Amino acid sequence: MSEAESTEAGGSAIELRRSTLGLLRVNLSVLGAGFAWFAYIDAPISDGAMRLIAAAVLAGVLCVIATLACGQLQSDRVRRRWWRVGLWSFALMTALMLTAATATLNLKGSGSDESDTQTAVINPA
């Protein structure tokens, strides 16, 4: 192996490590932001929204596993395959989390404890 080949291999390994860490950080940030959003809002969460959240968390865990596996593999072809799995699962996780967050915004509570927060309360005479 010549000096140029070893420098190129070292550069691609450093680039892979940076991109792997970047994807891990963004993935965990989106998961944390999703959990923070659902903890912050005071809205009823339907079963469908909870299933979307569970699917988003599963996709996020798959992204973490794929990204960590990508950083540990030696074969370039297999590494690229795991990288694509990580990217697609990150995209799926983000879409599912945004869909679940949007679904909770469209729900309206019907409990008696929320009756005083409605803006159009009609008081009988």
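How each quantity is defined
Within each chain, residue numbers correspond to sequence positions counted from 1 in written order. In keeping with the model being predicted, local features are shown solely for residues with a pLDDT of at least 70 and side-chain atom pairs are shown and tallied solely at 80 or more, while totals for entire chains, interfaces and linings include all residues. The basis for the side-chain values is all heavy atoms of the structure; hydrogens and waters are excluded. Within this analysis, patches are made of residues with over 30% relative accessible area and no salt bridge. Like charges are joined at 9 Å or less; nonpolar side chains (Val, Leu, Ile, Met, Phe, Trp, Tyr) at 5 Å or less. Per-residue and other accessible areas follow the Shrake-Rupley method at a 1.4 Å probe size, with only the shown protein chains counted as cover for residues. We count a salt bridge whenever a side-chain nitrogen from Lys or Arg sits within 4 Å of a carboxyl oxygen from Asp or Glu. Helix and strand definitions follow DSSP, with helices as H or I runs of at least four residues and strands as E runs of at least two, each counted in order from the N terminus. All axes here are fitted lines through C-alpha atoms, helices being fitted over the stretch that makes contact, and every angle between N-to-C directions spans 0 to 180 degrees. Any angle from 65 to 115 degrees is called roughly perpendicular, while one under 35 is roughly parallel, one over 145 is roughly antiparallel, and all others are oblique. Handedness of a crossing follows from how the near helix is turned relative to the far one, being left-handed for an anticlockwise turn of less than a right angle and right-handed for a clockwise one. Per-residue confidence from the prediction method is given by pLDDT, with values spanning 0 to 100. Here, two residues are considered to be in contact whenever any of their heavy atoms come within 4.5 Å of each other.

1. Thoughts on a nonpolar patch on the surface
- Taken together, the side chains of Trp37, Tyr40 and Leu105 present a nonpolar region at the surface, about 380 Å² in accessible area.
- Mapped onto the fold, Tyr40 is located in helix α1 (residues 3–40).

2. Notes on the packing of helix α2 (residues 47–72) against helix α3 (residues 76–105)
- The N-to-C vectors of α2 and α3 enclose an angle of 160 degrees; their axes lie 7 Å apart at closest approach. For the element pair α2 / α3, the angle class is roughly antiparallel. As α2 packs across α3, the resulting crossing turns out to be left-handed.

3. Comments concerning the confidence of the model for the protein chain
- On average, residues of the protein chain score 79 in pLDDT, and 74% of them are at 70 or above.
- When mean pLDDT is compared element by element in the protein chain, α2 scores highest at 91, while α1 scores lowest at 76.
- Predicted confidence for residues 1–7 stays below pLDDT 50, and this span has one contact to residues more than four positions away or in other chains.

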